[in-house]
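# Structural features, examined
Now for the letters of each chain:
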Amino acid sequence: ADMPLFDGLVANTESGVNFDTPAGRIIEATAEGRVTRDSVTRFYQSTLPQLGWVRIGALAFEREGERLTLSMRDSNGGLAVHFKLTPK
């Protein structure tokens, strides 16, 4: 709920996974759009730390026992961004 979506990306509501485990939440989601890798990377590297996420890699962050990783791939002439939240 507190994950901002980069302007130009649209969430793919059919591709998500969301469940709780004894170790913590596991959430996966994908968003797509005609955006560039560089602009998406810059946005999340600057925005997520403002929400309490600590950057541990180019597109990997940790906060309160959870790890968030983002990956990107070309998709239908645009870019697909995959978000994965797991226990640390």
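This write-up is about the structure you can find in this document. Note that this is a predicted model, so its numbers are computed, not measured.

## Here's the deal with the overall build of the protein
Scanning the protein from N- to C-terminus turns up one helix and six strands. Going residue by residue from the N terminus, the α and β elements of the protein occur as β-β-α-β-β-β-β. Relative to the compact-globule value of 12 Å for 88 residues, the protein shows a C-alpha radius of gyration of 13 Å, a close match. Within the protein, the proportion of its 88 residues that are buried is 34%.

## Comments concerning the pattern of salt bridges
Tallied over the entire structure, the rule returns four salt bridges. With its nearest N and O atoms 2.8 Å apart, the salt bridge here joins Glu 66 to Arg 25. Of the two residues, Glu 66 sits in strand 5 (residues 66–75) while Arg 25 sits in strand 2 (residues 24–33), which places them 41 residues apart along the sequence. Its relative accessible area of 11% is what places Glu 66 among the buried residues.

## Focus on the nonpolar core
Core analysis: the biggest nonpolar cluster contains 17 residues, and Leu 9, Val 40, Tyr 44, Leu 68, Leu 70 and Val 81 have the highest contact counts within it. Broken down by secondary-structure element, the contributors of at least two residues to this core are helix 1 (37–47), strand 5 and strand 6 (78–87). Sorting elements by how many residues they give to this core places strand 6 first, with four residues. Every residue in contact with Val 40, bar those within four places of it in the chain, is listed here: Phe 6, Val 35, Met 72, Leu 79 and Val 81.

## Considering the pairing of strand 2
Look at any regular strand and the pattern is simple: side chains alternate between the two faces of the sheet. Across eight bridges, the pairing between strand 1 (residues 10–21) and strand 2 is antiparallel. By the bridge assignment, Thr 21 is partnered in strand 2 with Gly 24. The antiparallel hairpin formed by strand 1 and strand 2 contains two residues in its connecting segment. Bridge analysis of strand 2 against strand 6 gives seven bridges, and the strand direction is antiparallel. Looking at the pairing, Glu 32 lines up with Ala 80 of strand 6.

## A few points about the side chain of Thr 47
Along the chain, the position of Thr 47 falls in helix 1. Since its relative accessible area comes to 17%, Thr 47 is described here as buried. A polar contact is formed between the side chain of Thr 47 and the backbone oxygen of Phe 43, at a distance of 2.8 Å.

## Section: the sheet that holds strand 5
The strand order across the open sheet built from six strands is 1-2-6-5-4-3, with neighbouring strands paired in antiparallel fashion. Two strands lie at the open edges of the sheet, namely strand 1 and strand 3 (54–57), each paired on one side alone. Averaged over all pairs of adjacent strands, the angle between strand axes in this sheet comes to 20°, irrespective of strand direction. Bridge count between strand 3 and strand 4 (residues 60–63): three bridges; the pairing is antiparallel. Counted as the bridge partner of Arg 55 is Phe 61 from strand 4. The strands touched by helix 1 are strand 3, strand 4, strand 5 and strand 6; relative to strand 5, the strand with the most contacts, the crossing angle is about 165°.

Here is what the cut-offs are and how they apply
Residues numbered from 1 in each chain as written. Predicted model: local features only at pLDDT ≥ 70, side-chain atom pairs only at ≥ 80, totals over all residues. Heavy atoms only, no water. Helix = DSSP H or I, 4+ residues; strand = E, 2+ residues; numbered from the N terminus. Rg over C-alpha atoms; globule rule 2.2 N^0.38 Å. Buried < 20%, exposed > 50% of the residue type's maximum accessible area, 1.4 Å probe, protein only. Salt bridge = Lys/Arg side-chain N within 4 Å of Asp/Glu carboxyl O. Core = buried A, V, L, I, M, F, W, Y, C linked by side-chain atoms within 4.5 Å. Contact = heavy atoms within 4.5 Å. Pairing = 2+ DSSP bridges. Polar contact = N/O pair within 3.5 Å; in protein donor to acceptor, adjacent residues only side chain to side chain. Axes fitted to C-alpha atoms, helices over the stretch in contact; angles between N-to-C directions.

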